[in-house]
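One letter stands for each residue in the lines below.
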Amino acid sequence: MTIRNLDKVLDPGPIALVCQGRVGDIQGVAALANITSGGFESRMWIVHPDNPAFGGQNALASIHDLPTAPGMAVLAVPRETLPERITELGEKGCRLAVVLTPGVKDVEGLTQRMLDAARPFTLRIVGPDTVGIIAPKAKLNAGVAQRMPRPGKLALLSQSAAVATTLIDWADEHEIGFSLIASMGELADVDMSDFLDLLSSDFDTRAVLMYLAHVKDARKFLSAARAAARMKPVIAIKAGRTARAAHASATHTGALAAEDAVMDAALRRAGVLRVKGMSEMFAAAETVARFRPLDRARLGIVTNGGGAGVMAVDRLMDGSGQLAELAPGTIAKLDEILPPSWSGSNPVDILGDAGPERYGAALEALAADRNVDVVMAINCPSALGDSAAIADAVAAKTRRSMIGRKPVLACWMGGADAREARRVLRRKEVATFSTPASAAAAVGHLTDWGRAQAALLRVPDRSVEEALRSSPARASEAVRGIFRKLAAEGRSMLTEPEAKSVVAAYGIPIPELREAADVEAVGVAAADLLSRHARVVVKFVSREILHKSDVGGVVLNIETARQAMEAARAIEERVAAAGEADRVGGYSVEPMIQRPGSHELILGLTLDRYFGPTIMFGSGGIDVEILRDTAVALPPLDASLASDLIGRTRVGRVLSGYRGRKPVDAAALQGALVALSHMAEDFPCLKALEINPLVTDETGVIALDAAIEIDPARVEETGPNPRLAIRPYPSEWRREYVLKGETYTFRPVRPADALLYPDFLANVSPEDIRMRFMSPRTSFPEEMALKMTQLDYDRDMAFVAIAPDGRMAGVSRMASDPSRKAAEYALLVRSDLAGRGLGRTLMTHLIEYARAQGYEKLDGIILSENHGMLRLVEKLGFRNRHDPEEAGVMVSKLEL
């Protein structure tokens, strides 16, 4: 359903307020007061079966008495009557209901009955238990929020009524306006994802603010958030940053991959900027909705109070900004224009008697410095300076809060005088803050947002990507055999040798390993291995005990077969003393891996209750839970995303080499993470996987220990794993076609294909470019190729045709509407390869895919003079007709 009928939220037309009952009357009175006092200019009817003069106004006795269909209905009625009221609204033609009624989820089956009543009419439901919808541009407060916010360019979506009303108060005090405020309520139908889809294309919304308590449908949410974040800034507060850790788990990974870390990873993957609190949310909105994202934010500060500058620097250092090192020429310039006692460095303290001229001159000097990316003006209350006049002077130096190409942030501290100064600054479109900390935090948001946007468009190194793209041949078949054996035995935990066999099948190196049933067999295995290795390790094998070191089940640095047998006996005694003798299932013997200068890491996979499989990376070894140096990401991963995950840990920063230590084999380490991603994609039965330690150095990686837990009941389920929050690369849609005697590979586009686009477009004639893009084009920005290849496969698709020489020959694509029922198609083929059947084959492949995914129609727009394309789609069953709204354009449609 997604945005179907949600347009009524922004432009409702006539509305109906339906009230009944004690609670309903209380809510109805508040809603009526809000609607009438807000200046709503369209028609409004009141429906109340028991009170013909509700709230002092005439009320209809029944929904059936409404003279026409309302665009929106606001319901405050007894919860048991909701299904009947929804049916009546649907029959009347209403398509959106905002349900204020609380307690619906407390009555078993009532929510579903309400949804069943709405379904035949595609009537959408916001709520129940919502404080309502506020559309300031339409002068509509359709609910029980206590005040009407001023109009603005920010949209607020909140899963908490209390947070929504608090944010409304906070924003009003700070003169911040909104394009929409939506309280989600119980999320029976319309959810955060639907509103994100709606607002992503809303011209009146410059940025979207979200308060998240939980995610209803992870895949839908990430798809919508990613799409919205490509269009405009999306900023989120997530409740529960310090909530309890993950449930007790058999692996370190389960204990370390707490839910908040997973949410952080999900928002990062979607390009959403996460903040910690309300003031920081609006500080972020003040900057990212106004300025372009920055790769770096070196800050230059002008202040009339040294302490305020220090506070800004302290907060800056806590975030991702940095203090600019002023160029010598800038210092010399400031020496000329400032009193001799100025601070002499950044922050530039221009002293408490500074007036408008001194502020303006200092700001211009900092903005001219090549070492400065962002300029901040701080003003502290002073009897020697007029705050409003200084604010006016600062604003006069800026144009839309910029000096040249550099953002300017203003922080005016203090009471009444400062409030008036901040009004002056806001009226002149200067980004304005009330504390140095909030202003400095905003600087970090510019780079955080820049990184989030860069992550959406990152292209993996092509050589690495080719090597990591697929799993070793027959890997999934071999692993499924291991899992089937476990399931047949009624087990869920793999032994260490079994777990190592699984990771080895997916290309992660493991030591040579021998299993031994008893002490004597340990001696035989050790003798064999010691003929090729200097030392060996003996471990006990258990189907139940995962962490062997906890019970003394590992002995290292063994040099002879006799020592190996003695080690096995000692392990047996220690395990027996721990009361676990019956849980020893034999022993394993393997070479002692000693790599001076190597690093011990942990790689893990676990299940999050909302986002499904998650991958963890960090510092490993026996101290992993004490060090807690880990980061989490959502699969599927490619080389670029794996590199990003590694870089978010402290250990990741030392793996590139330092103080004589060589950098590790980055491709091998990324490959190990991608291998875990492939396993998560291939096996829905995987509950947990851990490699600890994974030893890495410049020669590669090797897994010294591994643990895996599965769900035996799901062993026969095949991939792609439906529990993945992000749809993986649809490799099953790869085909090969022979055209004019040459074999072309048709496959879904990949991010690394951005590197193929320049050559491809260079071989498309200007005329074909004009036909495809419906206007002449002489250049294509790099960002365009990135966006064309970075797809959310859950809602969009592009198929590329790869010629025998590896070059791109053509591409067909479809962009879905949020309902996932209709999509717009496009096609482009290299001009020098025309006449080979590439266009027809690409379109046929696209149509086959659209049908398989359940789409109902494909639409396209074609220039009337593009006779070749019109003939092609007609042969494929499309109906072409003239566009009634645009001359020279044909609308092409295929019912699927």
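Residues numbered from 1 in each chain as written. Predicted model: local features only at pLDDT ≥ 70, side-chain atom pairs only at ≥ 80, totals over all residues. Heavy atoms only, no water.

1. Topic: the overall build of the protein chain
Within the protein chain, the secondary structure is distributed over 29 helices and 37 strands. Computed over C-alpha atoms, the radius of gyration of the protein chain comes to 32 Å, within 12% of the 29 Å expected from 2.2 N^0.38 for 896 residues, which places it in the range of a compact globule. C-alpha extents for the protein chain along the principal axes are approximately 95 × 80 × 70 Å. Within the protein chain, the fraction of its 896 residues that count as buried is 56%. Expressed as a percentage of contacts within the protein chain between residues at least 6 apart in sequence, the contacts between residues at least 24 apart total 71%. Averaging the positions of the 107 positive and the 113 negative side-chain charges in the protein chain gives two centres separated by 3 Å. (Helix = DSSP H or I, 4+ residues; strand = E, 2+ residues; numbered from the N terminus. Rg over C-alpha atoms; globule rule 2.2 N^0.38 Å. Buried < 20%, exposed > 50% of the residue type's maximum accessible area, 1.4 Å probe, protein only. Contact = heavy atoms within 4.5 Å. Lys, Arg positive; Asp, Glu negative; His and termini not counted. Charge placed at Lys NZ, Arg CZ, Asp CG, Glu CD.)

2. Comments concerning the pairing of strand β18 (residues 406–412)
When you tally the buried positions in β18, you get seven out of seven residues, the bulk of the element. As defined by bridge partners, strand β17 (residues 402–403) adjoins β18 across two bridges and the pair is classed as antiparallel. Its bridge partner being in β18, Met402 is matched across the sheet by Pro407. Counting the residues that bridge the hairpin from β17 to β18 gives two residues, and of these Gly404 lies at a positive phi of roughly 65°. Pairing geometry for β18 and strand β19 (residues 431–433), over three bridges, is parallel. The residue of β19 that forms the bridge with Ala410 is Thr432. Chirality of the crossover, the property in question, places the unit of β18, helix α15 (residues 416–427) and β19 among those that are right-handed. (Pairing = 2+ DSSP bridges. Right-handed = clockwise from strand over helix to strand, strands pointing away.)

3. Notes on the sheet that holds strand β23 (residues 587–591)
An order of β20-β23-β21-β22 is seen for the four strands of this open sheet, with the pairing classed as antiparallel. Single-partner strands in this sheet number two, and they are β20 (514–516) and β22 (554–558). Strand-to-strand twist in this sheet, taken as the mean axis angle between neighbours without regard to direction, amounts to 20°. Across five bridges, the pairing between strand β21 (residues 536–540) and β23 is antiparallel. Along β23, the bridge assignment pairs Val536 with Pro591. Together, β20, β21 and β23 form the strand contacts of helix α19 (residues 496–505), whose direction differs from that of β23 by roughly 45°. (Axes fitted to C-alpha atoms, helices over the stretch in contact; angles between N-to-C directions.)

4. Structural notes on helix α4 (residues 110–118)
Residues of α4 that are buried: Leu110, Met114, Leu115, Ala117 and Ala118. Down the axis of α4, the sector holding all buried residues measures 160°, keeping them to one side. Residues of α4 that are buried sit in contact with α3 (82–92) and β5 (124–126). (Arc of directions from axis to C-beta.)

5. Some points on the nonpolar core
Core analysis: the largest hydrophobic core is formed by 120 residues, its most contacted members being Leu157, Phe195, Leu196, Met210, Phe221 and Phe611. Apart from the residues lying within four places of it in its own chain, the contact partners of Leu157 are Ala182, Met184, Met192, Phe195, Leu196, Leu199, Val208, Leu209, Met210 and Tyr211. (Core = buried A, V, L, I, M, F, W, Y, C linked by side-chain atoms within 4.5 Å.)

6. Overview of the pattern of salt bridges
Taken as a whole, this structure holds 55 salt bridges when the rule is applied. Measuring nitrogen to oxygen at the nearest pair gives 3.5 Å for the salt bridge that ties Asp644 to Arg648. Between Glu767 and Arg770 there is a salt bridge; the shortest N-O distance is 2.9 Å. Of the two residues, Glu767 and Arg770 both sit in helix α26 (residues 766–773), three residues apart, roughly one turn of that helix. For Glu767, a relative accessible area of 38% puts it in the partly exposed group. By sharing partners, the salt bridges in this structure join Arg124, Asp189, Asp191, Asp194 and Lys220 into a single network. (Salt bridge = Lys/Arg side-chain N within 4 Å of Asp/Glu carboxyl O.)

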